[in-house]
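# Survey of secondary and tertiary structure
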There are 2 protein chains.
Amino acid sequence: MKIALAQLNYIVGDFGFNRTLMLEKIMEASGNGVDLILFSELSICGYPPLDLLERKVFIEKSTLSIETIAAEMPDNIGVIVGGPEYNDQKEGKLLFNSAYFLFNGKIEGIFRKSLLPTYDIFDEYRYFEPGKEFKILEFKGEKIAVTVCEDLWDDQPVENQFSRSRLYTINPMNELMKYQPDFIVNIAASPFAFDRQRVKRDIFTEKAKKHGIPVFMVNQAGANTELIFDGGSLAVSSDGSIFQQLKFFENDYAEFELEDVVNYSSKSESRLTDRIKLMHDGLILGIRDYFQKSGFSKATLGLSGGIDSAVTLALAAKALGNENLHVLLMPSQYSSDHSISDSEEMAGNLGIKYDIIYIEELFNQYKVLLQPVFLDKPEDVAEENIQSRIRGTLLMALSNKLGNILLNTSNKSETAVGYGTLYGDMAGGLSVLGDVYKTDVYELANYINRDDELIPINIIKKPPSAELRPDQKDSDSLPDYDVLDTILEKYIEKQLSDDDIIKEGFDAETVKRVIRMVDNNEYKRYQTPPILRISSKAFGVGRRIPLVAKY
Amino acid sequence: MKIALAQLNYIVGDFGFNRTLMLEKIMEASGNGVDLILFSELSICGYPPLDLLERKVFIEKSTLSIETIAAEMPDNIGVIVGGPEYNDQKEGKLLFNSAYFLFNGKIEGIFRKSLLPTYDIFDEYRYFEPGKEFKILEFKGEKIAVTVCEDLWDDQPVENQFSRSRLYTINPMNELMKYQPDFIVNIAASPFAFDRQRVKRDIFTEKAKKHGIPVFMVNQAGANTELIFDGGSLAVSSDGSIFQQLKFFENDYAEFELEDVVNYSSKSESRLTDRIKLMHDGLILGIRDYFQKSGFSKATLGLSGGIDSAVTLALAAKALGNENLHVLLMPSQYSSDHSISDSEEMAGNLGIKYDIIYIEELFNQYKVLLQPVFLDKPEDVAEENIQSRIRGTLLMALSNKLGNILLNTSNKSETAVGYGTLYGDMAGGLSVLGDVYKTDVYELANYINRDDELIPINIIKKPPSAELRPDQKDSDSLPDYDVLDTILEKYIEKQLSDDDIIKEGFDAETVKRVIRMVDNNEYKRYQTPPILRISSKAFGVGRRIPLVAKY
């Protein structure tokens, strides 16, 4: 049996686009004598459709689209495609998350997802009833265990779940093994997290090894809003060796003779990709798809002379093309000379159009107008924020006038502690670095400069500063970034308490101050732009902390 | 048996505060000879705790707090309190959502929620494993069916779920009736929706009638971030008559002789409260609790001369006290004379401090600075937005300098169609009217004016205008609000498709234009402040539409 994995980039709700993409691959596969071609989870509508699943017309279009594929595809090839299935029972949730098996013009079988991830960014129990039947697909003499994504994740190592070992009370593969299947199919939509690369590989190799049969896993590629799907689809042999892994972050396609995969064995463990390269490539895909799928091509941002805007610009230039960027330099009386010269050098290195607007006069005028309200109160964060909001207003004006999307340049460290101005530097249509800690922003900068000095070295070397008052430095208000980022990672990703972190040897006062800053700034993060998610715990939809609470 | 319902206003995560509140009521009840006192769902930690439930220390504090109540409460009174329960099985989600029965210093029984709402604003499957055991509480000779909120909602009318009749596959009361209980206890945390008043009452009267035993339901009171819990706890007799309903929107407490409730019968159906009064009282509670629980007392907003800011101001004055408001009037060259005089009259009526800041000069300066970038492009929405963002910047400056929270004044109609400026009039810490359609804003204004003309009649009568260009009217860009709001309600609340709405007789082009506006502005709503939720489908956490999608 010849099996094909079609790792594709879908647009949520664009049924025509998704269907055409799949039909092209089916034709190609059929021409090559493929017996069974696999598409990823909910491929018919793109993942994640979220509340569009609650709309009747969305489900109708989805079903019609699957029927259209069945009708238009050639005979003698089997197709597995993911789609929502209307639950026609009187009870339970409206839908199942299903794998449809198409053959000879018809839907010949439906296999329902049993384990519904409902944690972090996943809300599947919101829409779907879990499948409770376990059955096997018999096709061209092979017995196939058809599973949908999380169905193979019953044994995942659960982080931050105290001492629990398993999230779920059932194990679909144990049920399916009763039928003695010849191999496992898993159609997935598994988003990228740089810190989950090993887990995402081991899940499949371990399952193959445990059951002694191959696994064919096909993942979605491409980004939808904040979620980046990294592809990396897998063909794993019966002993858990990786026969082939498809490309990361792009469409890919591969065909396999089942027999070759069954018998393959390798002693050497395949290497993991460098995490900074993964972040880099993932972010570029995230930017590109956000723009392309929204019908935009041009971006703007404020180039401050600091490392965050420099890295954001370099990534955006790679994703969108230098000619599609038009940035602003907006110095004030507090800006250092090098902030302008470094920014000009940066824009020059990449050949990017820029304008300089001096904001001092506007800033002074705000202060004059507010004097009757502020009276003789000393300058404080209010005046700092005015400068930041003037810049936000200028950037949004450029965005509105020229049709460019404003890219937000805040990093995860400052987003965490609230070191940013709402409607000022926190503005934008998309946050590029909001899931990248400052220490990793430096690593990204070095990676970007691996061949040429695109980012002037002075931008990387200078001490970070918001330049909103004379001689301001980040280190006036914040611990050193290596300490800060370590504490943040323990609090946010690992969900440790202040006591836990202090016990690990960190300064008690620093830990308490950092955590207080994180907690007190939930309200700012409530209003941030969507943040490209590259870790297993990003700010945004995957982290839901009440604004009004004491803890 | 004497039963008490304690309807209280908890702070999420403030274990000391919540515990003290409960212990006071337990002492009072015990003094009055009460046998069993009921507190609402997750009362120990406040509802909704969201991802705080993923923190080990939060669960430990919660458990300790329940044990402290058990240790400190008097003997001979039974207490039912809601709290998260650690799931000590090896499999399944980390927690149960449980009702703890305390008696004589100990936890004497635990009853686990079986139906976990995971739709709209509810995410309970994210945290909890459903209870699968059904058992009865035997106490002082009575057999009691102890249920948690949604456990009684198996028969709810499911809206927008196509033709489904039930969300769940099990019915907890059918299981519990096997033990022939004498009455039903339901501890709830059921948020307010003005359009669900009847449903929220009928669920309990129908359950009592169906099983022929009384229902004692205790709900949470008070608001937590965007969710307003309206109380209205119920004692329902065996034939479904309402023996007593506790107050809406405030703490309340009542004691009942079981026998009185069992035998009570009434032919007259209790009246529903006027929906505008409900909205009005709910919004005031929502504002007050957002401030009080965050430790803030003062608010600001921009008073434009329009109805939205006037209604917001009147509600805020009621919630926070006139003396805690300090507003800005920020006219431009496009402002009508009456926008200033009406605003001054409005502030005068309420005795509210205000300042006037003319923004024309700032606006001109932005245009001068942007001229080298914009060149000779004609004025358009970019310039309109600059004005709105100048106002946002001034209001945030006042907020930052004086420690006032900026109240957002956008209504649901304009939020829906994107008739607002991100970082301008869409800014703020809390959106007061973001779940109130414009036509209801008028009704709220009339209700506010029911005794005195607090809102100048001219503000109510004038045609709505953003006043961002000469002679602008809302009706230049939008359909009449009665048509607009009807279409919006069908699209957003009822989730009908364009074709469905057109079939009901609305102009096809108008429907398609309105829906296009709603869809194209998801990105703005992604960044709005939390919106006080008063309907069954508000923008915010309860409505999750992908930003990047085609549909």
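Counting starts from 1 at the beginning of each chain's written sequence and moves along it residue by residue. Here the convention is simple: chains get letters from A, ligands get numbers from 1, in the order in which they are written. A pLDDT threshold of at least 70 governs which residues receive local features in this predicted model, and a stricter bar of 80 or more applies before side-chain atom pairs are shown or counted, although totals over entire chains, interfaces and linings include all residues.

## Re the overall build of chain A
Comment: elements are numbered from the N terminus, with helices defined as DSSP H or I runs of at least four residues and strands as E runs of at least two. Helices and strands together make up the secondary structure of chain A, namely 18 helices and 19 strands. For the radius of gyration, the atoms used are the C-alpha atoms, and the globule rule reads 2.2 Å times the number of residues raised to 0.38. Against the 2.2 N^0.38 benchmark of 24 Å for 551 residues, chain A shows a C-alpha radius of gyration of 26 Å, consistent with a compact globule. Here the C-alpha coordinates of chain A stretch approximately 85 × 50 × 50 Å along the principal axes. To sort residues by exposure, count the other C-beta atoms lying within 10 Å of each residue's C-beta; 20 or more gives buried, 12 or fewer gives exposed, and values between give partly exposed, all with C-beta atoms placed from the backbone. Buried residues in chain A amount to 56% of all 551 residues.

## Observations regarding the interface of chain B and chain A
Two residues form a contact once the distance between their C-beta atoms, set from the backbone, is within 7 Å. Residue-level contacts link 81 residues of chain B with 81 residues of chain A. Residue assignment for the side of chain B that touches chain A shows that the elements contributing at least two residues are helix H2 (56-72), helix H6 (275-294), helix H9 (360-374) and helix H10 (381-402) of chain B. Examining the composition of the side of chain B that touches chain A, we find that 13 residues originate from one element, H10(B), more than from any other. Looking at the side of chain B that touches chain A, its residues break down into 42 nonpolar, 19 polar and 20 charged. Under the scheme applied, nonpolar residues are Ala, Val, Leu, Ile, Met, Phe, Trp, Tyr, Cys and Pro; charged residues are Asp, Glu, Lys and Arg; polar residues are all the others, including Gly.

## Examining the pairing of strand S10 (residues 221-224) of chain B
Residue and element names in this part refer to chain B. Sheet analysis places S10 next to strand S11 (residues 227-230), joined by four bridges and oriented antiparallel. Paired with glycine 222 across the strands is phenylalanine 229, a residue of S11. Strand pairing is assigned whenever DSSP detects at least two bridges linking the two strands. Between S10 and the antiparallel strand that follows it, S11, lie two residues; threonine 225 among them carries a positive phi value of about 55°.

## Description of the relation of the copies chain B and chain A
Laying chain B over chain A is done by rotating through 180° and shifting 0.0 Å along the axis; what remains is an RMSD of 0.0 Å. A rotation of that kind, with that shift, is consistent with a two-fold axis. Among all residues of chain B, the minimum C-alpha distance to the rotation axis is found for Gln527(B), at 2.2 Å. Superposing the copies works by least squares over the C-alpha atoms of residues that have pLDDT at least 70 in both of them.

## A look at the sheet that holds strand S13 (residues 242-245) of chain B
All names here are of chain B. If you trace the six strands from one edge of the open sheet to the other, you get S6-S7-S8-S9-S12-S13, paired in mixed fashion. This sheet does not close on itself; its edge strands, each paired only once, are strand S6 (137-139) and S13. This sheet shows a mean twist of 20° between the axes of neighbouring strands, independent of strand direction. As judged from the three bridges shared by S6 and strand S7 (residues 142-148), these two strands associate in the antiparallel manner. Looking across to S7, one finds that leucine 137 is bridged to isoleucine 144. Whenever a helix is involved, its axis is fitted only over the stretch in contact; in every case the axis is a line through C-alpha atoms, and angles between N-to-C directions fall within 0 to 180 degrees.

## Some thoughts on helix H7 (residues 307-320) of chain A
Residues and elements named next belong to chain A. Taking 1.5 Å per residue as the helical rise, H7 with its 14 residues ought to reach 20 Å, and the 20 Å between its terminal C-alpha atoms agrees with that figure. Extensive coverage of H7 is indicated by the burial of 13 of its 14 residues. Glycine 321 sits one or two residues past H7 and shows a positive phi near 95°. Under the convention used throughout, the expected extent of a helix is 1.5 Å for every residue step, that is, one less than its residue count.

## With respect to unusual backbone geometry
All names here are of chain A. A cis amide bond links tyrosine 47 with the next residue in sequence, proline 48, at an omega value of 0°. Within the fold, proline 48 resides in the loop between strand S2 (36-38) and helix H2 (56-72). Positive phi values are uncommon outside glycine, yet leucine 42 reaches one of about 50°. Within the element layout of this structure, leucine 42 appears in the loop between S2 and H2.

## Topic: the environment of Ala189(A)
Residue and element names in this part refer to chain A. Topologically, alanine 189 is positioned in the loop between strand S8 (183-187) and helix H4 (197-211). Given 24 C-beta atoms within 10 Å, alanine 189 falls into the buried group. Along the primary structure alanine 189 and leucine 532 are separated by 343 residues, whereas in three dimensions their C-alpha atoms are 16 Å apart.

## Overview of the domain arrangement of chain A
All names here are of chain A. Taken domain by domain, chain A holds domain 1 (2-270) and domain 2 (278-478 + 521-526). Marked domain ranges trace back to an automatic or database domain assignment. Between the C-alpha centres of domain 1 and domain 2 the distance comes to 40 Å. Across the contact, 11 residues belong to domain 1 and nine residues belong to domain 2. Where the side of domain 1 that touches domain 2 is concerned, the elements lending two or more residues are strand S10 (221-224) and strand S11 (227-230). The residue makeup of the side of domain 1 that touches domain 2, split by class, is seven nonpolar, three polar and one charged.

## Points about the environment of Leu375(A)
Tracing the chain through its elements places Leu375(A) in the loop between helix H9 (360-374) and helix H10 (381-402). Through-space distance from the C-alpha of Leu375(A) to that of Asp154(A) is 63 Å; in sequence the pair is 221 residues apart.

## Some details on the environment of Val215(B)
Residues and elements named next belong to chain B. Mapped onto the elements of the fold, valine 215 is located in strand S9 (residues 215-218). Sequence separation between valine 215 and aspartate 342 is 127 residues; the distance between their C-alpha atoms is 51 Å. Contact partners of valine 215, with chain neighbours within four places excluded, come to Ile184, Asn186, Phe204, Lys207, Ala208, Leu234 and Val236.

## Topic: the confidence of the model for chain A
A low pLDDT score tells you not to read the predicted coordinates there in detail. Per-chain confidence: chain A averages 96 in pLDDT, with 99% of residues scoring 70 or above. Scored as a complex, the prediction yields pTM 0.97 and ipTM 0.96. Values of pLDDT, ranging from 0 to 100, describe the predictor's confidence in every residue of the model.

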